[in-house]
Amino acid sequence: MKYLWMILIATCVFFPIETKAGDVTPFDECANLRNMSNQTIMGVVRTAPFKSTVGEVERHEGSFRLEPDEIATICSQGPFYDGYRVELIIRTIIPLFTCKTRLSGDIYLRKTETEDGITKLYADCK
């Protein structure tokens, strides 16, 4: 029992809880982005922020550009937001839609138009 406490204390000293980066997996979590609209959709997929080895807050980020009916596979090992989620942003020059979603199965990117002719782009986030 005495050694168990020593291991626990050593673990807390060498791996402080406040510097934990978030959920990370030893394997890739992957999903297919599917553009279900009739226009090109651009965006970004981001992981949760983490502290780099030099102490700066960073995040992994990947951009995408999907033509109509195009599919792209995205993968990450994290760090993830709660529930193993990443941030998905659909954008032009400015962000148009954002959500947090799991990287599993298919993520559909869609377009709707209001009666006033306003186009809205969105994703079916999980």
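The coordinates are above.
In this report, the structure presented in the accompanying data block is examined. (Residues numbered from 1 in each chain as written. Predicted model: local features only at pLDDT ≥ 70, side-chain atom pairs only at ≥ 80, totals over all residues. Heavy atoms only, no water.)

## Section: the overall build of the chain
Part 1 of the reasoning: Secondary structure assignment for the chain yields 1 helix and 10 strands.
Part 2 of the reasoning: Counting only residues that meet the buried cut, the chain has 27% of its 126 residues in that class.
Part 3 of the reasoning: The contacts of the chain with a sequence gap of at least 6 include a subset with a gap of at least 24, amounting to 62%.
Part 4 of the reasoning: Put simply, the chain shows about 8,500 Å² of open surface, and 57% of that area lies on carbon and sulfur atoms. (Helix = DSSP H or I, 4+ residues; strand = E, 2+ residues; numbered from the N terminus. Buried < 20%, exposed > 50% of the residue type's maximum accessible area, 1.4 Å probe, protein only. Contact = heavy atoms within 4.5 Å. Areas by Shrake-Rupley, 256 points an atom, 1.4 Å probe, with all protein chains shown as cover.)

## Focus on the sheet that holds strand 10 (residues 119-123)
Part 1 of the reasoning: Spatial ordering of the open sheet is given by 6-1-9-10, a layout of 4 strands whose pairing is mixed. Of all the strands in the sheet, just strand 6 (71-76) and strand 10 have a single pairing partner and so form its edges. Averaged over neighbouring strand pairs, the angle between their axes works out to 20° when direction is ignored.
Part 2 of the reasoning: One ladder, built from 6 bridges, connects strand 1 (residues 29-35) with strand 6; its direction is antiparallel. (Pairing = 2+ DSSP bridges. Axes fitted to C-alpha atoms, helices over the stretch in contact; angles between N-to-C directions.)

## With respect to the pattern of salt bridges
Part 1 of the reasoning: Per the counting criterion, the structure on display carries 7 salt bridges.
Part 2 of the reasoning: Ionic pairing is found between aspartate 106 and arginine 34, a salt bridge with its closest N-O pair at 3.2 Å. Highlighted residues: aspartate 106 in strand 9 (residues 106-113) and arginine 34 in strand 1, separated in sequence by 72 residues.
Part 3 of the reasoning: Residue classification places aspartate 106 among the partly exposed positions, given a relative accessible area of 21%.
Part 4 of the reasoning: Given a relative accessible area of 26%, arginine 34 falls into the partly exposed group.
Part 5 of the reasoning: Residues glutamate 87 and arginine 59 are paired through a salt bridge, measuring 3.2 Å at the closest nitrogen-oxygen approach. Placement of glutamate 87 in strand 7 (residues 85-91) and of arginine 59 in the loop between strand 4 (57-58) and strand 5 (61-66) is noted, with a sequence separation of 28 residues between them.
Part 6 of the reasoning: For glutamate 87, a relative accessible area of 14% gives the class buried.
Part 7 of the reasoning: Classification of arginine 59 by relative accessible area gives partly exposed; the value is 31%. (Salt bridge = Lys/Arg side-chain N within 4 Å of Asp/Glu carboxyl O.)

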